[in-house]
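# Working through the structure, step by step
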Amino acid sequence: MDKTILIVEDQDDLRLLVRLSLKSLGRVVLASSAAQGLAMVRAEKPDLVTLDVWLGKGDSGLDVCRAIKSDPETQHVKVLLLSACGQQSDVEAGMAAGADHYIVKPFSPQSLGEAAAALLAA
Amino acid sequence: MLATPLPTEEAHRLQVLLDLNILDTAPEDRFDRITRMAARLFGVPVALVSLIDADRQWFKSRVGVPFSETERASSFCTHTILQDGVMVVEDATCDDRFASSPYVTEAGARFYAGYPLAAPDGSRIGTVCILDRNPRTLDDEGRALLRDLAGMVAGEIAAGELRRAHARRSENDAWLYGLLEHIPDGVLMLDRAGNVICGNPAAEHMFGSDTGGLAGRMACSLLGDDAAMLLDPEHSADAPPQEGGGLRLDGSTFPIEVKVAPMCLVGQQRYAVIVRDVTRQHEQAQRSRATEERRRKHFTTATHELRTPMASILGFSELLLKRDFDAATNRELLDIIHRQAARLVDLINQMLDLARIEAGGTEGLHIATVDVADLVDQTLTGLNGLGQNHRIRTEIEDGLPAIAADAAKMQQALTNIVSNAIKYSSEGSQIDISTAALRRNAKLMVAIRVADRGIGMTPEQQARIFDAFYRAGDAQNVQGSGLGMTIFKEIIELHGGHADIESRPGAGTAVTVWLPAAPDHG
């Protein structure tokens, strides 16, 4: 069965980049804000969510991640955080929010694809 | 004539005499009283208090002698100080030591009796003596009387020395008291149980007390419970100061630094406590921490802002290198890379600009008299076609004072607000640039107002407009680094000016810059 991947990213260019990087792995759906992302997690029941940490307007991908992981309906969904914040403390905060993987921007599309494939296979 | 015989330890004796500061001083009744009494009691014409200096005898008090000093050599007294006890010369004409002395041959002295005068340390500094023109004897009672008179003179000398020492002591006390009175640090003296015995004015002021109002209070009621730890007789005065919280009498608190030195005063265990109000140092540290925190946050944001375009450039170029896309997609991805690279360059330039302006401060400004109409013209020309589809109307007041400004930086500041007005309003809409002059706090200020009819801002957005990298609303499609208004504010403030913002969502934004007029217009 085809896997579903949800990309939550507020920047148009980066949303496109992530889509192109992951489209070979399954069905890709897109969201550009925290609220839209969370609604789509519930509606689409994706297998994997790639989540930008800084979603603009003060919204945090970490909050979205915690919401996904604390809801029994969605906690099985794999979350891959994508962030321009690459310090050890940022990564730790991401993992503490329940993320399954953390990738720092800028990233290689191939590495992102491999990480996503590994999460989908797990 | 025989050479003057010298006592042993003559040098020490002379030093003691000198230190008494009595030689060549004015006559004093306390000594004259004694010589008068001696002359009367013994029935002699001459009675002296004679002090033996290096080469003279000087009379601190004299009866029957018209001069205040004579040569030491050949004097009777120089012999008296060689011995303990009274020296009596019954008839000088029959004494080899004095027969040829001018005292005898010229002044006619025949009888001499003297008793050595002892300084407080025992040194024989002179004599009390009596002389007569007739030979005579001195019985034991007379000798005892002379000894007692010498003792009285010695007592007067010792008393004078004590008074001087006391005066010196009082002077020292006055200095110490003055020091304690005026040093800005609080000083408290505590008893062994930790009760305040006294405090200096700085301590009283620090704790909000009246003069003397600290006495009797427990140290811990002023210095906090930690103070008890310091009250240990073994506590080293060299230990670093302890930080704590001071408690004023009105209950308010303030940060203090405390040093304690145990001491023993008249056999009693005491503590000297030095209290320093470190409020200012704390505020300074807090400001430094806040600045550091702002810097850290700015750095994090800057890093984030730089990584975002880098992610597009690196990511899309990798895709183009590794995959085959159709020509249209190829073109689209290259376009993104180019756009994001341009954005990256813009960001870096603006960040460097901001850093330069911040680092340069007012010294980095080249202030000159700048005509506002010229400034606005140059700003609009410098937009390079940006805003060509807007209706930009300028209205410069006649006779508007010139401003004192760095023309290039001021143009940069104006460019930032004019380009924001253009970017956040729709094509074809009107932008008004107007001016005014107004005296504020006795200073002539020139206002330049840029008003658009664009999307406007909410109060929340307005509050953050000067934050670095902040971009109002869904600004993704609006070009810019998010540093324009930060740079704008920095430049305006360096010029001693400020900016007012009026904005309403949907109605537009007006930014008014207030700048000091050039001095000849002030």
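The shown structure was predicted, so the numbers you read here are calculated from the model rather than taken from an experiment. (Residues numbered from 1 in each chain as written. Chains lettered and ligands numbered in written order. Predicted model: local features only at pLDDT ≥ 70, side-chain atom pairs only at ≥ 80, totals over all residues.)

Per the secondary structure count, chain B includes 14 helices and 18 strands. Out of the 522 residues in chain B, the part that is buried amounts to 33%. A separation of at least 24 residues holds for 61% of the contacts in chain B among residues at least 6 apart in sequence. (Helix = DSSP H or I, 4+ residues; strand = E, 2+ residues; numbered from the N terminus. Buried ≥ 20, exposed ≤ 12 C-beta atoms within 10 Å, placed from the backbone. Contact = placed C-beta atoms within 7 Å.)

Time to look at the overall build of chain A. Assigned secondary structure in chain A consists of 5 helices and 5 strands. In chain A, buried positions account for 45% of the 122 residues.

With that settled, the discussion passes to the packing of helix H1 (residues 12-22) of chain A against helix H5 (residues 109-121) of chain A. All names here are of chain A. Here H1 crosses H5 at 60°, and the two axes come no closer than 8 Å. Our classification of the angle between H1 and H5 gives oblique. In this structure, the crossing between H1 and H5 has a hand that is right-handed. Residues Leu 17, Val 18, Leu 20, Ser 21 and Leu 22 of H1 form the contact with H5, whose participating residues are Pro 109, Leu 112, Gly 113 and Ala 116. A per-class count over the contact of H1 with H5 returns 7 nonpolar, 2 polar and no charged. (Axes fitted to C-alpha atoms, helices over the stretch in contact; angles between N-to-C directions. Parallel < 35°, antiparallel > 145°, perpendicular 65-115°, else oblique. Left-handed = near helix turned anticlockwise from the far one by under 90°. Nonpolar A, V, L, I, M, F, W, Y, C, P; charged D, E, K, R; others polar.)

This next bit is on the interface of chain B and chain A. Of the residues lining the interface, 17 residues belong to chain B; the matching set on chain A comes to 15 residues. For the side of chain B that touches chain A, the secondary-structure elements that each account for two or more residues are helix H9 (279-322) and helix H10 (327-360) of chain B. In terms of residue count, the dominant contributor to the side of chain B that touches chain A is H9(B) (14 residues). Split by residue class, the side of chain B that touches chain A holds 6 nonpolar, 8 polar and 3 charged.

Right, let's talk about the environment of Gly245(B) for a bit. Residue and element names in this part refer to chain B. If you trace the backbone, Gly 245 turns up in strand E9 (residues 242-247). Its 12 C-beta neighbours within 10 Å are what place Gly 245 among the exposed residues. With 11 residues separating them along the chain, Gly 245 and Ile 256 place their C-alpha atoms 5.6 Å apart. The contact partners of Gly 245, leaving out residues within four places of it in the chain, are Gly 224, Thr 253, Pro 255 and Ile 256.

Here we come to the sheet that holds strand E17 (residues 498-504) of chain B. Sheet strands line up and pair through hydrogen bonds in the backbone, either parallel or antiparallel. Residue and element names in this part refer to chain B. Strand order in the open sheet formed by 5 strands is E13-E15-E16-E18-E17, and the pairing between neighbours is mixed. Single-partner strands in this sheet number two, and they are strand E13 (391-395) and E17. The mean inter-strand angle of the sheet, taken between neighbouring strand axes irrespective of direction, is 20°. Judged from the 9 bridges that link them, strand E15 (residues 430-440) and strand E16 (residues 443-451) form a sheet pairing that is antiparallel. By the bridge assignment, Ile 433 is partnered in E16 with Val 450. In the packing of helix H12 (residues 407-423) onto the sheet, contacts are made with E15, E16 and strand E18 (508-516), and the angle to E16 comes to roughly 30°. (Pairing = 2+ DSSP bridges.)

A word on the sheet that holds strand E5 (residues 101-104) of chain A. All names here are of chain A. Strands sit in the order E2-E1-E3-E4-E5 across an open sheet of 5 strands; the sheet is parallel. Lying at the two open borders of the sheet, with one neighbouring strand each, are strand E2 (27-31) and E5. For this sheet, the mean angle separating the axes of adjacent strands, direction not counted, is 20°. Where strand E1 (residues 4-8) meets E2, 5 bridges bridge the pair, whose relative direction is parallel. Residue pairing for E2: Thr 4 is matched across the bridge by Arg 27. Its contacts with the sheet put helix H2 (residues 34-44) on E1, E2 and strand E3 (48-52), and the angle it makes with E1 is roughly 170°.

Moving on, we come to H9(B). Relative to the 64 Å expected for 44 residues at 1.5 Å per residue, H9(B) spans 63 Å between its end C-alpha atoms, a close match to the ideal helical length. Those residues of H9(B) lying buried are Glu305(B), Thr308(B), Pro309(B), Ala311(B), Ser312(B), Gly315(B), Phe316(B) and Leu319(B). (Expected span 1.5 Å × (residues − 1).)

Quick look at the pairing of E1(A) now. A regular strand places its side chains on the two faces of the sheet in alternate fashion. All names here are of chain A. Buried residues dominate E1, accounting for 4 of its 5 residues. With H1 bridging E1 and its parallel neighbour E2, the resulting β-α-β unit is right-handed. In terms of strand pairing, E1 meets E3 through 4 bridges, oriented parallel. Of the residues in E3, the one forming a bridge with Ile 7 is Thr 50. (Right-handed = clockwise from strand over helix to strand, strands pointing away.)

This part covers the confidence of the model for chain A. Averaged over every residue, the pLDDT of chain A is 93; residues scoring 70 or more account for 99%. Confidence, expressed as mean pLDDT per element, reaches its minimum in chain A at helix H4 (residues 88-96) of chain A with 91 and its maximum at E1(A) with 97. (pLDDT = per-residue confidence, 0-100.)

Our next topic: the pairing of strand E1 (residues 46-52) of chain B. All names here are of chain B. Most of E1 sits out of view: 7 of its 7 residues are buried. Side chains Val 46, Leu 48, Ser 50 and Ile 52 of E1 all project onto a buried face; the interleaved residues Ala 47, Val 49 and Leu 51 project onto the opposite face, where all are buried too. Alignment of E1 against strand E2 (residues 56-63), held across 6 bridges, turns out to be antiparallel. Across the sheet, the residue bridging to Leu 51 is Trp 58, located in E2.

Confidence in the prediction for chain B averages 90 pLDDT; 97% of positions are at 70 or higher. The complex model carries a pTM of 0.57, and its ipTM stands at 0.92.

Residue and element names in this part refer to chain B. Its location among the elements puts Ala 219 in the loop between helix H6 (201-206) and helix H7 (220-223). Note on Ala 219: 25 C-beta atoms within 10 Å, which makes it buried. When the C-alpha positions of Ala 219 and Gly 194 are compared, they lie 5.5 Å apart, and in sequence the two are 25 residues distant.

All names here are of chain A. Within the secondary structure, Leu 112 is located in helix H5. Put simply, Leu 112 and Leu 80 are 32 residues apart on the chain and 9.3 Å apart in space, counted from C-alpha to C-alpha. Contacts of Leu 112, omitting those with residues within four sequence positions, involve Val 18, Ser 21, Ile 103 and Phe 107.

On to helix H5 (residues 140-182) of chain B. Residues and elements named next belong to chain B. The end-to-end C-alpha separation of H5 is 63 Å, in line with the 63 Å expected for 43 residues at 1.5 Å each. Turning to H5, its buried residues number three or more, namely Leu 145, Leu 146, Leu 149, Ala 150, Val 153, Ala 154 and Ile 157. In this fold, the buried residues of H5 make contact with helix H2 (29-42), E1, strand E5 (111-118) and strand E6 (124-132).

Glancing now at unusual backbone geometry. Excluding glycine, residues mostly have negative phi values, and the peptide bonds linking residues are mostly trans. Residue and element names in this part refer to chain A. Here the residue pair Lys 105 and Pro 106 is connected by a cis peptide bond, since its omega of -5° sits within 30 degrees of zero. By the secondary structure assignment, Pro 106 is in the loop between E5 and H5. Backbone geometry places Lys 45, a non-glycine residue, at a positive phi of 45°.

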